Amino acid sequence: MIDAERGSTLSCMAVKSLFPILRTRDLERLRRFYTDAFGARVSYRYEQDGIEVYVAFEIGGGSLALGWDPEVDRGESIALWLYVDDIDAAYRRAVTAGADSVDAPAAMPWGEMVAQVRDPDGNALYLGVPSPG
């Protein structure tokens, strides 16, 4: 693959899908809002220590997720999730392109491999490989 802007060859890492994650201090309030306002249907939820910390929705033809973060500040509440085929390559490529590393690729309790970086403007990007099966 050729990067038209730079004229260089890119590695074969591919993004499989992506969706926004709204981080919130009050996940229940935001979950009710998107369900009531837009008919969002829960497609996945994850609890940690008995607390709901993540909810994924289908809304129309799109996807949206909410993540509980007790320390998030207003204006820092959005993150972008990218499922990739090679997390190590995607992480290296993002950091080489100018992202700041937050967390290197690691196995998560829910079975996915995940890394986190911040783009040059400070936006949170999660890179993930879906759990097998």
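Please refer to the structure higher up on the page.
The text that follows walks through the structure, step by step, so that each part is easy to find. (Residues numbered from 1 in each chain as written. Predicted model: local features only at pLDDT ≥ 70, side-chain atom pairs only at ≥ 80, totals over all residues. Heavy atoms only, no water.)

What to know about the side chain of glutamate 52
Quick reminder of the rule: Only runs of H or I of at least four residues qualify as helices and only runs of E of at least two qualify as strands under DSSP, and these elements are numbered from the N terminus. The classification of residues rests on relative accessible area computed with a 1.4 Å probe and restricted to protein chains. Under 20% of the type maximum is buried, over 50% is exposed, and intermediate values are partly exposed. Each polar contact in these results corresponds to two N or O atoms within 3.5 Å; when the atoms are within protein, one needs to be able to donate a hydrogen and the other to accept it, and residues that are neighboring in sequence are counted only if both atoms are side-chain atoms.
Residue position: glutamate 52 is located in strand β5 (residues 51–59). Residue classification places glutamate 52 among the buried positions, given a relative accessible area of 18%. Among the polar contacts listed, one links the side chain of glutamate 52 to the side chain of arginine 45, at a separation of 2.7 Å.

Regarding the pairing of strand β4 (residues 41–48)
Quick note on the threshold: Strands were regarded as paired on the criterion that DSSP finds at least two bridges between them.
Taken together, the seven bridges between β4 and β5 define a ladder with antiparallel strand orientation. Along β5, the bridge assignment pairs glutamate 47 with glutamate 52. In sequence, β4 turns back onto β5 through a hairpin of two residues, with aspartate 49 there showing a positive phi of about 55°.

Description of the pattern of salt bridges
Spelled out, the test is: Basic side-chain nitrogens of Lys or Arg form a salt bridge, by our definition, when they fall within 4 Å of a carboxyl oxygen of Asp or Glu.
Applying the stated rule across the entire model yields eight salt bridges. Residues aspartate 69 and arginine 23 are paired through a salt bridge, measuring 3.7 Å at the closest nitrogen-oxygen approach. Separated by 46 residues along the polypeptide, aspartate 69 in the loop between β6 (62–68) and β7 (78–84) and arginine 23 in strand β3 (residues 15–24) bring together distant segments of the chain. Across the salt bridge formed by arginine 41 and glutamate 58, the nearest N and O atoms sit 3.0 Å from each other. With arginine 41 in strand β4 and glutamate 58 in strand β5, the pair connects residues that are 17 residues apart, well separated along the chain. Looking at glutamate 58, the relative accessible area reads 35%, which means it is partly exposed. The network of salt bridges with common partners includes Glu28, Arg31, Arg32, Arg45 and Glu52.

A look at the pairing of strand β8 (residues 100–107)
Bridge analysis of β8 against strand β9 (residues 113–118) gives five bridges, and the strand direction is antiparallel. By the bridge assignment, aspartate 100 is partnered in β9 with arginine 118.

As for the layout of surface pockets
We apply this condition: A pocket, in this scheme, is an open set of points on a 1 Å grid over the protein atoms alone with protein on both sides within 12 Å along at least 5 of 7 lines, while a cavity is a set where a 1.4 Å probe fits but cannot get out; residues line either one if an atom lies within 4 Å of a point. Grid points are joined across faces, edges and corners, and a volume is the space filled by probe spheres set on the points. Residues are grouped as follows: Ala, Val, Leu, Ile, Met, Phe, Trp, Tyr, Cys and Pro are nonpolar; Asp, Glu, Lys and Arg are charged; all remaining types, including Gly, are polar.
Taken as a whole, the largest pocket holds about 860 Å³ of empty space. Taken together, 34 residues form the lining of the largest pocket, with Ile21, Val53, Tyr54, Trp81 and Trp110 sitting closest to its centre. Broken down by secondary-structure element, the contributors of at least two residues to the lining of the largest pocket are β3, β4, β5, β6, β7, β8 and β9. A per-class count over the lining of the largest pocket returns 22 nonpolar, seven polar and five charged.

Observations regarding the packing of aromatic side chains
A ring pair, where both rings are aromatic, is described by two values, the distance of the centres and the angle of the planes. Stated precisely, the cut-off is as follows: Only Phe, Tyr and Trp rings are paired, with Trp represented by its six-membered ring, and only when their centres lie within 6.5 Å; those with planes under 30 degrees apart are stacked, over 60 edge-to-face, the remainder tilted.
The final tally for this structure, using the stated rule, is seven aromatic pairs. Both rings, one in phenylalanine 19 and one in tyrosine 83, keep their centres 6.1 Å apart while their planes meet at 50°; by these two values the pair is tilted. Here the residue phenylalanine 19 occupies a position in strand β3, and tyrosine 83 occupies one in strand β7, the gap between them amounting to 64 residues. As far as burial versus exposure is concerned, phenylalanine 19 and tyrosine 83 are alike and both buried. Judged by centre distance (5.6 Å) and plane angle (65°), the rings of tryptophan 81 and tyrosine 83 are edge-to-face.

Things to note about the sheet that holds strand β10 (residues 124–129)
Rules: Here the axes come from fitting lines to C-alpha atoms, over the contacting stretch only for helices, and the angles between their N-to-C directions go from 0 to 180 degrees. By definition, residues are in contact when any of their heavy atoms lie within 4.5 Å.
Here eight strands make up an open sheet; going across it, the order is β4-β5-β6-β3-β7-β10-β9-β8 and the pairing mixed. In this open sheet, the two edge strands, each paired with only one partner strand, are β4 and β8. Pairwise comparison of adjacent strand axes, ignoring direction, gives a mean angle of 20° for this sheet. Here β3 pairs with β7 via seven bridges, running antiparallel. Within β7, the position partnered with isoleucine 21 by the bridge is alanine 79. Set on the sheet, helix α2 (residues 87–96) makes contact with β7, β8, β9 and β10; between it and β9 the angle comes to about 5°.

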